[in-house]
Amino acid sequence: MEVSLVNNTLDTVVALGANLSLRSQSPEMTLERAVDAMETSGLVIRARSRFYKTPCFPAGSGPDYVNAAVLVGSELPPRSVLDILHEIENRFGRQRQQRWGMRTLDLDIVCCGDQVSPSLKEYNHWRLLPSTEQMKSAPERLILPHPRLQDRAFVLVPMADILPDWTHPVLGQTVRQMLDNLPDEDISAIQPL
């Protein structure tokens, strides 16, 4: 369900992903239950994408993922929303043992309206970090928008279901434009379920 936003309101886009079963429950069911858990935690689900089968990232690091995106509303600041998401991940067996590893549930804040946080300088540091360094280090605080959003078809394709015209506050491109910049093979690898 596509939603129109006026002036990039501060609603938050959350990317969801899972590629491991949880107590004999499929990744799709885990994502369904995670959306329910967001609602019972006080987040208002304003829109949600379809579920997509996506190749594991990085390639060869595990089974394919199921990914989706939701638009949530909350009066809480983004850091408090992230705390709620981490608590939900914990309830669903998330273990942070390996960066970019397999997981029962991954919930990431992609953007919060047109907010750039904590600063443009720090955002650009993480956005421009070489991929070899990205695998070894993670920011200690929330970076908005997600610094690699523009590079990831598995985030942009579901996001296009709900906010195709959202404009990146630093790059000045809409979700559709960022998708157009990705290689065709990246986009065609994302399949609706």
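See the structure above.
Criteria and cut-off values
Residues numbered from 1 in each chain as written. Predicted model: local features only at pLDDT ≥ 70, side-chain atom pairs only at ≥ 80, totals over all residues. Heavy atoms only, no water. Buried < 20%, exposed > 50% of the residue type's maximum accessible area, 1.4 Å probe, protein only. Helix = DSSP H or I, 4+ residues; strand = E, 2+ residues; numbered from the N terminus. Pairing = 2+ DSSP bridges. Salt bridge = Lys/Arg side-chain N within 4 Å of Asp/Glu carboxyl O.

Draft legend 1. Seen up close, the pairing of strand β1 (residues 12-18). Most of β1 sits out of view: seven of its seven residues are buried. Going residue by residue along β1, you find Thr12, Val14, Leu16 and Ala18 tucked away on one face and Val13, Ala15 and Gly17 tucked away on the opposite face as well. In the sheet, β1 pairs with strand β4 (residues 65-73) via seven bridges, with the strands oriented antiparallel. Bridge assignment links Ala18 to a residue of β4, and that residue is Val66. Pairing geometry for β1 and strand β5 (residues 106-112), over six bridges, is antiparallel. Across the sheet, residue Ala15 finds its bridge partner in β5, namely Asp108.

Draft legend 2. Local environment of helix α5 (residues 153-162). In terms of burial, α5 is largely enclosed, as 10 of its 10 residues are buried. Residues of α5 that are buried: Ala153, Phe154, Val155, Leu156, Val157, Pro158, Met159, Ala160, Asp161 and Ile162.

Draft legend 3. Broad picture of the pattern of salt bridges. Going through the model one piece at a time under the given rule, you end up with eight salt bridges. A salt bridge links Asp161 to Arg50; the nearest nitrogen and oxygen atoms lie 3.0 Å apart. A residue pair is termed long-range when its members are at least 10 positions apart, and Asp161 in helix α5 and Arg50 in the loop between β2 (44-48) and β3 (52-54) qualify at 111 residues. Judged by relative accessible area, Asp161 falls into the buried class, the value being 15%. Its salt-bridge partner being Arg176, residue Asp165 comes within 2.8 Å of it at the nearest N-O pair. Of this pair, Asp165 sits in the loop between α5 and α6 (175-180) while Arg176 sits in helix α6, and the two are 11 residues apart along the sequence. A relative accessible area of 47% means that Asp165 is categorised as partly exposed. Assessed through its relative accessible area of 40%, Arg176 is described here as partly exposed.

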